[in-house]
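Inside the fold
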Amino acid sequence: MSESRDTVSKTWDKPLQPPDSVPESADIVVIGGGIVGVSTAWFLAKQGINVALCEKGHIAGEQSGRNWGWVRQTARDTREMPMMIESLRIWAGLADEIGEDVGFERGGCTIMARTQKELDAAAEWMPVARDFDLDTRMIEGPALETLFTGASKHWVGAMHTESDGRAEPHKATPAIARAAKRQGASILTSCAVRGIETSAGKVSAIVTEHGSIRTSTVLCAAGAWTSQFCRSIGISVPQLKVKGTVARLGQCDSVLNGNVFDEQLGIRRRQDGGYTLANGFLLNHSFALSSIRYGIKFLPALMLEYKKLRLSVGGDLLDEIRTPRKWPLDRESPFEKKRVLNPAPSKRVIRRTRRIVDKFFPQLASTEIVEAWAGIVEMTPDMVPVMCESDKVPGFFIATGFSGHGFGIGPGAGKAAAALLTDTDCGIDLSELQLKRFFDGSPIRPQSSV
Ligand SMILES: Cc1cc2nc3c(=O)[nH]c(=O)nc-3n(C[C@H](O)[C@H](O)[C@H](O)COP(=O)(O)OP(=O)(O)OC[C@H]3O[C@@H](n4cnc5c(N)ncnc54)[C@H](O)[C@@H]3O)c2cc1C
């Protein structure tokens, strides 16, 4: 098989496409063209609701086009499970329903353990798997070889869910956006939302760089920008950003099918015959004012994840110092100044990933890393999303904080958000995903961010 270095279309590496105009009004406006916003718009448009989606850059230009592509139930927080199970069901029928390939395939998700202690820790999640009737199982010793050749050499055991899957991030969200558009949604790219207008305390319009859209209902699905957007309208959303580096291995023979996670390596088979690689879950947090503002709420998560975290001080701190809390809506806003979050991948992380992949899969040692990129993940203090209406600004809803695992759950989140916005019941309970849980004295219960 031959392959050029640039086979993969980076969703963010294209000319921007600003709209000719914006609609005067919409029943609902969605801020953010990631998988959550786009899926919400699709579910709303399917019901005949007049929805406009504003994306400041490209559809899937940030996290939703840069992630590992795992569609995982394994090791999820119980609060996310019903939405994730529904999401997997949607993924399975998505290509047929929208008539476009999204790269979805099952093939399992496996969390490897190097020591008995790690294996025991993983097994603590098995009661959740049983409660939700998943096909998750623990595998130990020589049986590991049924997963992939050489597995029993480096690991003592694994937790494996065969029904988990994967999809191609550069395909999925743009395809859902096109489906939403075909159903009548206005999908506006290169269209930053600068702020909202209110009347009698309720949402009455959003103001974009291309003009205002009258509406009574807004969903903020702005990923890593949500906290900043919400703060400008007086809503506090505790959120910290971390950077993850990802690499693409060129086409090669299959060494494993599906997704495999080890504390030093995340690897999944790609539709193009290569592998998407990452360094386990090494997270880089660039210290900023928000680290001080929300730091205390993140202490439980920090205690859980401190081994994975690398701190740096630099650009984010300066950016936050220079950015005012509020800005006039008739001038360029922070969302236009930095239109696409496009951090540089870490060369050190790539080198380390290369070393680890060669050690575990020597068959891949001669296959080149043909591409690398990075993405900024937004974390909440308990690593579980926020999906609710603001109690400060009626008509303003939030769906954010997917904390490094929002791609797989994205279609399910879109379905749940559409129901929330239309005050209907889709069978997914969002009562534990309220923003107020971070302020009302409830214990903050983070779960490891696999
Ligand atoms: C390296 C990496 C690996 C990951 N791996 C996985 C994985 O394997 N599986 C998984 O399930 N999840 C994974 N994730 C997490 C997943 O990608 C995210 O949780 C998910 O994509 C979040 O989707 P979203 O729609 O909420 O946000 P995003 O995809 O970030 O979209 C938000 C959008 O809002 C836009 N926006 C922001 N402010 C404004 C504004 N004012 N006006 C207009 N537009 C605005 C942004 O430009 C952006 O496009 C990973 C993430 C990263 C970075």
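As a starting point, this report considers the structure included with it. (Residues numbered from 1 in each chain as written. Predicted model: local features only at pLDDT ≥ 70, side-chain atom pairs only at ≥ 80, totals over all residues. Heavy atoms only, no water.)

Attention now moves to the site of the ligand. Neighbouring the ligand are 36 residues; Glu55, Ser64, Val193, Gly406 and Gly408 lie closest to it. Gly406 has a polar backbone atom sitting 2.9 Å from an oxygen atom of the ligand. Those elements that place two or more of their residues in the shell around the ligand are α1 (35–46), α2 (63–66), β14 (240–249), β20 (369–379) and α14 (406–421). (Near = heavy atom within 4 Å. Polar contact = N/O pair within 3.5 Å; in protein donor to acceptor, adjacent residues only side chain to side chain. Helix = DSSP H or I, 4+ residues; strand = E, 2+ residues; numbered from the N terminus.)

Mapping Asp316 onto the fold places it in helix α11 (residues 315–322). The exposure class assigned to Asp316 is partly exposed, which follows from its relative accessible area of 24%. Taking C-alpha positions, Asp316 is 30 Å from Gly414, a pair spaced 98 residues apart along the chain. Other than its neighbours up to four places away in sequence, Asp316 contacts Ser286, Phe287 and Ala288. (Buried < 20%, exposed > 50% of the residue type's maximum accessible area, 1.4 Å probe, protein only. Contact = heavy atoms within 4.5 Å.)

Right, let's get into the sheet that holds strand β9 (residues 186–188). Read from one edge of the open sheet, 6 strands run β9-β2-β1-β13-β22-β21, paired in mixed fashion. Two strands close off the open sheet at either side, each with one partner strand: β9 and β21 (386–389). Pairwise comparison of adjacent strand axes, ignoring direction, gives a mean angle of 15 degrees for this sheet. Of the pairings in the sheet, the one linking strand β1 (residues 28–31) to strand β13 (residues 217–220) comprises 4 bridges and is parallel in character. Note on β13: the bridge partner recorded for Ile28 is Thr217. Contacting β1, β2 (51–54), β13 and β22 (396–400), α1 runs over the sheet at an angle of about 165 degrees to β2. (Pairing = 2+ DSSP bridges. Axes fitted to C-alpha atoms, helices over the stretch in contact; angles between N-to-C directions.)

Here we come to the side chain of Ser403. Within the secondary structure, Ser403 sits in the loop between β22 and α14. At 3.1 Å, the side chain of Ser403 forms a polar contact with the backbone nitrogen of Thr380. The residues touching Ser403, leaving out its near neighbours within four places in the chain, are Val377, Glu378, Met379, Thr380, Met383 and Val384.

Relative to the helices and strands, Gln73 is located in the loop between β3 (70–71) and α3 (81–98). Within polar-contact distance, the side chain of Gln73 engages the side chain of Ser163 at 3.1 Å. Not counting residues up to four positions away in its chain, the partners in contact with Gln73 are Met81, Met84, Ile85, Leu88, Trp125, Leu134, Thr161, Ser163 and Asp164.

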